[in-house]
Amino acid sequence: MKLEKKHPLAIRWFHWVNFPVLLIMVWSGLLIYWANPVYRIGLGSHTLLKMTLREPLYEKLHIAYRLAEGMSYHFFFMWFFAINGIAYVLYTILSGEWRYLVPNRRSFVEAVQVTLHDLHLRREAPPRRKFNGAQQIAYTAIILMGFGSLLTGLAIYKPVQFSWLASLFGGYPMARFFHFWITIGYVVFFVIHIAQVIKTGWNNFRAMIVGVEVVNE
Amino acid sequence: MSEQSGGGDQKSEVAGDVEETASDVGPDREPGVGKEETSEVGEDIDEPTAVAGPPSVDARRPTPAPRLPTPEEAELRRLSRRGFLVFGAGSIAAYAGWKWLTHAKRIGDVPWPLRRGFEANEKVAEAYFREARLSPTFPPSALTRARINGGIGLHANYDTSAWRLDIDGHTLTIDDIEAFPKRTMITEFRCIEGWSYIAKWSGARLSEVMAKFPPPPNTRYVAMETPGREYYVGLDMQSAMHPQTLLAYELDDQPLTWQHGSPLRLAIPVKYGIKNIKRIAAIRYTNIKPADYWAERGYDWYSGH
């Protein structure tokens, strides 16, 4: 048995602080979205899925009539979300960790190979590196999404003081639209992330808490 | 607090431990740990025999030696114990913090720390606010249907001919308001619920009306209310003085309907719809933060854009 250093302490803290904070942001965002749940998946006039629930279900899930409360949590925890995220990015830059995280030319081909392997369509296992191409793309995309949330959020929050930002997203209603769909993106990320963590096993999960991983050679 | 400081101590310890386990980098690692690691190179550490157990007492009947943890295993156990302790303590502290926050005494129908959060955000917003930053304006082709929403303080049978505006003790008729330069703008009306529409507003600029009935210098707030004070809003002075803050008497080139607050309402695109008070009966100046209908019901008092 051999131990290998995997996740630096700072990154583990950023990760585990972000988890409950993002959870609160998504939950309070849902309390806000309830007041005007207008988005849908569809093409033209054909709607595949309305992004809303029936009112009895909203009430059962304690989402209904909590707009004010949702805003009070959202505009409180936004600071923690922003500061933790910015600190994480600064850390990866200053420590050089970004080298493991930012995708390169190979990452995209590798991401396809990894996905095919995960779907049992390809035999060859992903390369033994800290993060494979699929992970590099996912972990970089989630950071870009985080910045997307901050910027679209700022555009909705202060659409006059930051009207230039709102117009960059195509106006105030469009900023809200992107803000919503980025959040759906987090939920999709979360589901895949949890599935991958379960599939990869305890040793990998423990490394996110303890920092080291057991490597058998 | 003790949990937090304890966690901090453990954090730095774990940081040191992680450095020590960096087996394949750095020539300046701890001599003890390094020696053990280099001695393992080439050995198959998974074999129990790699660990020197106590010699068997009876050579003819070898009993399996008690399996001692390898240095690596001991190290993993130590790191795991610390890591999971900090993780568990942090989780408990976060959960306790959440319970405390959600059950904190409420001010204006939100837990007081969140009310303080609103107020801190208000300070940031006021510091950043510039009157020169305007709400975007649109061409007439962009107009959308003005939604009717919020009827508190409005009654269909209200006699608008008897309406008067009381501004700081002065009584004004609608003709007095219309005597001010008519300002027109096509702006976005944003409801706090998340929907918005684009409307054409015409009326007198509030700052120009206020210039005729000036508040004492350094007055901080403007308060407005409907007849009988059924609905009331508070405004910070710089939002009240914003050039796009109108005492509007026309919507989309038509006199206001009663549902839109005839004969005079506020059109203030630097605020959410809740501050765009309809059928204004009184305007007052004050240095005490005015009561606000929705701020008493959990919303942000500032609610500004």
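Treat the numbers as computed from the prediction; the structure is a model and nothing was measured. (Residues numbered from 1 in each chain as written. Chains lettered and ligands numbered in written order. Predicted model: local features only at pLDDT ≥ 70, side-chain atom pairs only at ≥ 80, totals over all residues.)

**Some details on the overall build of chain B**
Quick reminder of the rule: Each helix is a run of H or I in the DSSP string that is no shorter than four residues. Each strand is a run of E no shorter than two, and both are numbered from the N terminus. Partly exposed residues are those whose C-beta has more than 12 but fewer than 20 other C-beta atoms within 10 Å; 20 or more makes a residue buried and 12 or fewer makes it exposed, with C-beta atoms placed from the backbone.
The helix and strand tally for chain B stands at 7 helices and 12 strands. Evaluated residue by residue, chain B yields a buried proportion of 32% over its 305 residues.

**Some details on the overall build of chain A**
Threshold: With C-beta atoms placed from the backbone, a contact is any residue pair whose C-beta atoms sit within 7 Å.
Each helix and strand counted, chain A has 9 helices and 4 strands in total. Reading chain A from its N terminus to its C terminus gives the helix and strand order β-α-β-β-α-α-α-α-α-α-α-α-β. Every one of the 217 residues in chain A was classed for burial, and the buried ones make up 27%. Sequence separation of 24 or more characterises 65% of the internal contacts of chain A that already satisfy a separation of 6 or more.

**What about the packing of helix H6 (residues 133-157) of chain A against helix H8 (residues 172-200) of chain A?**
Two packed helices can be described by the angle between their axes and the distance between those axes. Residue and element names in this part refer to chain A. Our working rule: Axes here mean lines fitted to C-alpha atoms, for a helix over just the part in contact, with angles spanning 0 to 180 degrees between N-to-C directions. Note on terminology: angles under 35 degrees are roughly parallel, angles over 145 are roughly antiparallel, angles of 65 to 115 are roughly perpendicular, and the others are oblique. What makes a crossing left-handed is the near helix being turned counterclockwise from the far one by less than a right angle; a clockwise turn instead makes it right-handed. Each residue gets one label: Ala, Val, Leu, Ile, Met, Phe, Trp, Tyr, Cys and Pro are nonpolar, Asp, Glu, Lys and Arg are charged, and the others, such as Gly, are polar.
Packing of H6 against H8 leaves a shortest axis separation of 9 Å and a crossing angle of 150°. In terms of orientation, H6 and H8 fall into the roughly antiparallel class. Between H6 and H8 lies a crossing whose hand is left-handed. Residues Ala138, Ile142, Met145, Gly148, Ser149, Thr152, Gly153, Ala155 and Ile156 of H6 pack against Tyr172, Ala175, Arg176, Phe178, His179, Ile182, Gly185, Tyr186 and Phe189 of H8. In terms of residue class, the contact of H6 with H8 is made up of 11 nonpolar, 6 polar and 1 charged.

**Section: the interface of chain B and chain A**
Between chain B and chain A, the residue contacts involve 46 residues of the former and 33 residues of the latter. Elements with a minimum of two residues in the side of chain B that touches chain A: helix H1 (2-20), helix H3 (71-102), helix H4 (112-128) and strand E5 (182-190) of chain B. The biggest single contributor to the side of chain B that touches chain A is H3 of chain B, with 11 residues. A per-class count over the side of chain B that touches chain A returns 21 nonpolar, 13 polar and 12 charged.

**Focus: the environment of Gly171 of chain A**
Residues and elements named next belong to chain A. Mapped onto the fold, Gly171 is located in the loop between helix H7 (163-168) and H8. Residue class for Gly171 comes out buried when judged on the 20 C-beta atoms lying within 10 Å of it. Remark: the alpha-carbon pair of Gly171 and Gln136, spanning 35 residues in sequence, is separated by 32 Å.

**Looking at the packing of helix H9 (residues 202-210) of chain A against H3 of chain B**
Where H9 of chain A meets H3 of chain B, the closest approach of the two axes is 9 Å, and the angle between their N-to-C directions is 70°. What the angle tells us is that H9 of chain A and H3 of chain B run roughly perpendicular. Considering the relative orientation of H9 of chain A and H3 of chain B, their crossing is left-handed. Mapping the contact onto sequence places Arg206, Ile209 and Val210 of chain A in H9 of chain A and Leu79, Ser80, Gly83, Phe84 and Phe87 of chain B in H3 of chain B. Taken together, the residues that form the contact of H9 of chain A with H3 of chain B break down as 5 nonpolar, 2 polar and 1 charged.

**Focus on the pairing of strand E8 (residues 232-236) of chain B**
Residues and elements named next belong to chain B. Threshold: Strand pairing is assigned whenever DSSP identifies at least 2 bridges connecting the two strands.
For E8, the buried fraction is high: 5 of the 5 residues fall into the buried class. Of the two faces of E8, both are covered, the one formed by Tyr232, Gly234 and Asp236 as well as the one formed by Val233 and Leu235. Taken together, the 5 bridges between strand E7 (residues 221-225) and E8 define a ladder with antiparallel strand orientation. Bridge pairing in E8 links Val222 to Leu235.

**Quick look at the confidence of the model for chain B**
Detailed reading of the predicted coordinates is not advisable wherever pLDDT falls low. Residue and element names in this part refer to chain B. Under the convention used in this document: The quantity known as pLDDT measures the predictor's confidence residue by residue, on a range of 0 to 100.
Per-residue confidence for chain B gives a mean pLDDT of 86, with 80% of residues at or over 70. Under a pLDDT of 50 for its full length, residues 1-52 has, in the predicted model, 49 contacts with residues more than four places off or in other chains. In the model output, the complex is listed with pTM 0.85 alongside ipTM 0.91.

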